[in-house]
Amino acid sequence: KAGVTQTPRYLIKTRGQQVTLSCSPISGHRSVSWYQQTPGQGLQFLFEYFSETQRNKGNFPGRFSGRQFSNSRSEMNVSTLELGDSALYLCASSLSLAGDRDTQYFGPGTRLTVL
Amino acid sequence: AQSVSQHNHHVILSEAASLELGCNYSYGGTVNLFWYVQYPGQHLQLLLKYFSGDPLVKGIKGFEAEFIKSKFSFNLRKPSVQWSDTAEYFCAVNGRSSASKIIFGSGTRLSIRP
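Right, let's walk through the structure included here.

Cut-offs used in this document
- Residues numbered from 1 in each chain as written.
- Chains lettered and ligands numbered in written order.
- Predicted model: local features only at pLDDT ≥ 70, side-chain atom pairs only at ≥ 80, totals over all residues.
- Heavy atoms only, no water.
- Helix = DSSP H or I, 4+ residues; strand = E, 2+ residues; numbered from the N terminus.
- Rg over C-alpha atoms; globule rule 2.2 N^0.38 Å.
- Buried < 20%, exposed > 50% of the residue type's maximum accessible area, 1.4 Å probe, protein only.
- Contact = heavy atoms within 4.5 Å.
- Areas by Shrake-Rupley, 256 points an atom, 1.4 Å probe, with all protein chains shown as cover.
- Lys, Arg positive; Asp, Glu negative; His and termini not counted.
- Charge placed at Lys NZ, Arg CZ, Asp CG, Glu CD.
- Pairing = 2+ DSSP bridges.
- Axes fitted to C-alpha atoms, helices over the stretch in contact; angles between N-to-C directions.
- Salt bridge = Lys/Arg side-chain N within 4 Å of Asp/Glu carboxyl O.
- Buried area = accessible area lost by both parts, 1.4 Å probe.
- Polar contact = N/O pair within 3.5 Å; in protein donor to acceptor, adjacent residues only side chain to side chain.
- Nonpolar A, V, L, I, M, F, W, Y, C, P; charged D, E, K, R; others polar.

### Describing the overall build of chain A
Broken down by element type, chain A carries zero helices and eleven strands. Listed by position from the N terminus, the elements making up chain A come as β-β-β-β-β-β-β-β-β-β-β. A compact globule built from 115 residues would reach a C-alpha radius of gyration of about 13 Å, and chain A, at 13 Å, matches this within 12%. When the backbone C-alpha atoms are referred to their principal axes, chain A occupies close to 40 × 25 × 25 Å. Counting across all 115 residues of chain A, residues that qualify as buried make up 53%. Residue pairs at least 24 apart in sequence account for 55% of intrachain contacts in chain A once pairs closer than 6 positions are excluded. Surface exposure of chain A reaches about 5200 Å², of which carbon and sulfur atoms provide 47%. Averaged over its 12 positive side-chain charges, chain A has a centre that lies 5 Å from the centre of its 7 negative ones.

Printed below as a string of structure tokens:
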């Protein structure tokens, strides 16, 4: 079974631009969660989608948004990029919601650099 | 406030040494607990998890962790480390509801001297 895939793997943007990251979950998984990983803040939860609905949200500004499609693929969008948005963005999928007893499987991440 | 503390930021050991990485959490209600590992250049992957039952949990690659509810701890152990255990280790916790958020610790970098 193929793992979680994320595209693109690397991205360089400038301040003020916007960016869209994509995540394809493991086949059959309906939950997709997004995380931001930085050396200073570690892994921080962004949001979780299940059956095309956002079920949970972390403490990030409204510039960070996402959506999930009927095939469970998910996109994350960051508008008006700031230097501090430079990070590794990780996607994780699971069969059901994170609060249930399912394991989350992580993708390789998208490394975003904002100049 | 919900939080996970990993007090050791960087641990350096020689091969065959015993390992214990500390994890303490603050989270209301009943919790699920996890240890994840990120090997250099690889994805974050699950080492082990605790949901209920026996508080001593065994995971992959000879790792185990013990949930001590009274101490809000979930320490990771391995009796004899190998050079291939060099990685970053993350403790995480979430609650038992669908609205719960998973909280990760800041990670512990483990370096093994061959």
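### Thoughts on the sheet that holds strand β7 (residues 64-68) of chain A
All names here are of chain A. Pairing within the open sheet is antiparallel, and its four strands lie in the order β1-β3-β8-β7. The outermost strands of the open sheet, each flanked by one partner alone, are β1 (5-7) and β7. The average undirected angle you get between the axes of adjacent strands in this sheet is 20°. Where β1 meets strand β3 (residues 19-24), three bridges bridge the pair, whose relative direction is antiparallel. Residue pairing for β3: T5 is matched across the bridge by S24.

### Some points on the pattern of salt bridges
Summed over all chains, the structure comprises eight salt bridges over all chains. In this structure, A:R63 engages A:E82 in a salt bridge whose closest nitrogen and oxygen atoms are separated by 3.6 Å. With a gap of 19 residues between them, A:R63 in the loop between β6 (53-57) and β7 and A:E82 in the loop between β8 (74-78) and β9 (87-94) connect regions that are remote in the sequence. By relative accessible area, A:R63 is classed as buried at 16%. Overall, A:E82 belongs to the partly exposed group, its relative accessible area being 42%. The shortest N-O distance in the salt bridge between B:E66 and B:R77 comes to 3.3 Å. Of this pair, B:E66 sits in strand β8 (residues 64-68) while B:R77 sits in strand β9 (residues 73-78), and the two are eleven residues apart along the sequence. Overall, the relative accessible area of 27% leaves B:E66 in the partly exposed class.

### Description of the interface of chain A and chain B
Across the contact, 21 residues belong to chain A and 20 residues belong to chain B. Carbon and sulfur atoms supply 51% of the area buried between chain A and chain B, which totals about 1800 Å² over both sides. Where chain A packs against chain B, one counts zero salt bridges. Remark: the boundary between chain A and chain B carries four residue pairs in polar contact (both at pLDDT 80 or more). Put simply, the parts of the chain that give the side of chain A that touches chain B at least two residues each are β4 (31-38), β5 (42-50) and β6 of chain A. A breakdown of the residues in the side of chain A that touches chain B according to their chemical character gives nine nonpolar, eight polar and four charged.

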